[in-house]
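One letter stands for each residue in the lines below.
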Amino acid sequence: MQSVAPVGEDRAYLEFVLGLKQYFAGEVYPRLRQQYDARVAESGTPTPADARAGGTEVGELPTEPRSAGAIVEDLPAYPLFQWLERNTQKMMWRRLEAMIRPRAAELDAQLESTPAEPLGSLMLDPNLPLPDYYAQTEFHIQPGGVWSSAANAFVYEVGAKVVMMGQNDDYRFHRLFVEKAIPHQDYRAILDLGCGFGKSTRPFADAFPEASVVGIDLSAPNLKLAHQQAERLGKRISFYQRAAEATGFPDASFDLVTATMLIHEMPMPVLRRVLGEALRILRPGGVLAVEQAEMLPFDERSGGVRADGTWPERAEWHFPWVVIRAWKVA
Ligand SMILES: C[S@@+](CC[C@H](N)C(=O)[O-])C[C@H]1O[C@@H](n2cnc3c(N)ncnc32)[C@H](O)[C@@H]1O
């Protein structure tokens with residue numbers, strides 16, 4: 001389900017942007033990768049392909065993003081690679097803004113209308129201070145972020161599909177995350193941190209119908225959209241406008257705390273606070289304990305969690321997802 005569907009020229013334009021993104025991932029990235037391997041080989045250090053084959057010491061490869069970055073930035077394919085990476089995002093947001101912004105008043109009113117007898121709930125906090133790192137950064141270069149107007153939530157909803165290169169139109173990623181990466185047991189209360197417009201939260205309500213499912217986010221427009229869509233789809237979810245680093249929930253009140261596509265947006269000190277907060281609100285035995293942490297490669301195109309512990313070998317660029325799973329010591 002999607003609230004605003006691009007039609008006509010908007011649809012054609014966005015499909016063109018999607019095509020450019022696929023060209024970036026499927027054609028330009030492999031070329032860059034080959035050039036990187038060749039450059040590293042020329043300089044006498046083993047190529048990544050050698051290292052993956054186990055024949056050479058991995059330690060001799062650049063291990064720091066900065067030293068690998070210095071090599072990458074000097075490669076002939078890099079200017080096109082980085083131009084496409086940035087400008088396809090800009091093209092996408094600009095078009096979505098132009099398509100959705102004129103409908104802002106109508107969409108705003110739409111978000112204000114709630115069902116008379118909702119299954120779940122929505123608790124907004126207009127006084128919640130937005131942290132600087134959040135309010136002053138346009139994540140994914142989305143103009144105005146995802147929080148400053150109702151239109152932002154709708155722009156983000158359509159944009160998220162293009163960013164996932166048309167491979168998550170049915171939210172398969174999020175269903176597989178719940179099916180394959182989450183231990184299946186009896187949960188009483190589940191919390192989704194940074195739930196956005198609820199695409200990451202809804203599969204928990206489906207998979208664990210006995211549990212109380214809660215989503216929190218800083219963005220009021222996202223939460224309104226999340227609530228509306230959950231109600232429309234008959235999912236019982238409670239949404240709150242709260243920060244992941246200070247949720248305000250009592251100690252030991254959840255037995256599963258989860259987050260998808262959130263922590264990459266956080267500065268490290270904030271991430272530490274979020275993990276500490278998750279630990280506080282988890283019940284003993286619930287999910288989080290750093291000494292028992294597992295890091296699981298995840299690839300939605302090949303079944304979700306990768307049983308062999310590796311990402312698939314592939315030429316094209318793709319998000320290198322990792323699932324971090326941990327248990328709070330009982
Ligand atoms: C990329 S979206 C991911 C949304 C959702 N989890 C999903 O997978 O579709 C990140 C979300 O996290 C929210 N967010 C960012 N920092 C947050 C924080 N400190 N506390 C709560 N929500 C936060 C943003 O408003 C945004 O809705």
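The rules behind the values
- Residues numbered from 1 in each chain as written.
- Predicted model: local features only at pLDDT ≥ 70, side-chain atom pairs only at ≥ 80, totals over all residues.
- Helix = DSSP H or I, 4+ residues; strand = E, 2+ residues; numbered from the N terminus.
- Buried ≥ 20, exposed ≤ 12 C-beta atoms within 10 Å, placed from the backbone.
- Contact = placed C-beta atoms within 7 Å.
- Core = buried A, V, L, I, M, F, W, Y, C linked by C-beta atoms within 7 Å.
- Domains from an automatic or database assignment.
- Near = placed C-beta within 6 Å.
- Nonpolar A, V, L, I, M, F, W, Y, C, P; charged D, E, K, R; others polar.
- Pairing = 2+ DSSP bridges.
- Axes fitted to C-alpha atoms, helices over the stretch in contact; angles between N-to-C directions.
- Parallel < 35°, antiparallel > 145°, perpendicular 65-115°, else oblique.
- Left-handed = near helix turned anticlockwise from the far one by under 90°.
- pLDDT = per-residue confidence, 0-100.

A word on the overall build of the chain. In terms of regular secondary structure, the chain is built from 11 helices and eight strands. For the chain, buried positions account for 32% of its 330 residues. A sequence separation of at least 24 residues applies to 75% of the contacts in the chain between residues at least 6 apart.

Ranked by size, the top nonpolar core spans 56 residues in total, and within it Val155, Ile190, Leu191 and Val257 carry the most contacts. With nine residues, the top contributor of residues to this core is helix α7 (residues 150–163). Here this core spans two domains, and each of domain 1 (8–104) and domain 2 (120–127 + 170–327) adds at least three residues to it.

Another aspect to go through is unusual backbone geometry. If you check the backbone angles, His140 has positive phi at about 60° while not being a glycine. Take His140: it is sitting in the loop between α6 (132–135) and α7. C-beta crowding within 10 Å serves as the criterion here: with 16 such atoms nearby, His140 is assigned to the partly exposed category. The phi dihedral of Met261 falls on the positive side, at around 55°, and the residue is not glycine. Relative to the assigned elements, Met261 resides in the loop between β5 (256–259) and α11 (268–281).

Around the ligand, a shell composed of 20 residues is seen, among which Gly194, Gly196, Ser200, Ala244 and Thr260 lie nearest. Its residues placed into classes, the shell around the ligand shows 10 nonpolar, six polar and four charged.

To continue, consider the sheet that holds strand β2 (residues 189–193). With parallel pairing, the five strands of this open sheet are ordered in space as β1-β4-β3-β2-β5. In the strand order of this sheet, the two ends are held by β1 (121–123) and β5, each with one partner. When the angles between neighbouring strand axes are averaged without regard to direction, this sheet yields 20°. Two elements, β2 and β5, share four bridges in a ladder whose sense is parallel.

The subject of this paragraph is the packing of helix α1 (residues 8–42) against helix α4 (residues 78–100). α4 packs onto α1 with a crossing angle of 165° between their chain directions and a minimal axis gap of 10 Å. Here α1 lies roughly antiparallel to α4, going by the angle between them. For α1 against α4, the interelement crossing comes out left-handed. Across the interface between the two elements, Asp10, Tyr13, Leu14, Val17, Leu20, Lys21, Phe24, Val28, Tyr29 and Leu32 of α1 pack against Tyr78, Leu80, Phe81, Leu84, Glu85, Thr88, Met91, Met92, Arg95 and Met99 of α4.

Residue-level pLDDT values for the chain average 84, and 86% of them are 70 or greater. Counted against residues more than four places away or in other chains, residues 289–294, with its pLDDT under 50, gives 10 contacts.

Here His174 shows up in helix α8 (residues 172–181). The exposure class assigned to His174 is buried, which follows from the 20 C-beta atoms found within 10 Å. It is 7.0 Å that separates the C-alpha atoms of His174 and Lys199, two residues lying 25 residues apart in sequence. Contact partners of His174, with chain neighbours within four places excluded, come to Lys199, Ser200, Pro203 and Thr260.

Looking now at the environment of Asp170. Topologically, Asp170 is positioned in the loop between α7 and α8. Between the C-alpha atom of Asp170 and that of Lys199, which follows or precedes it by 29 residues, the distance is 9.8 Å.

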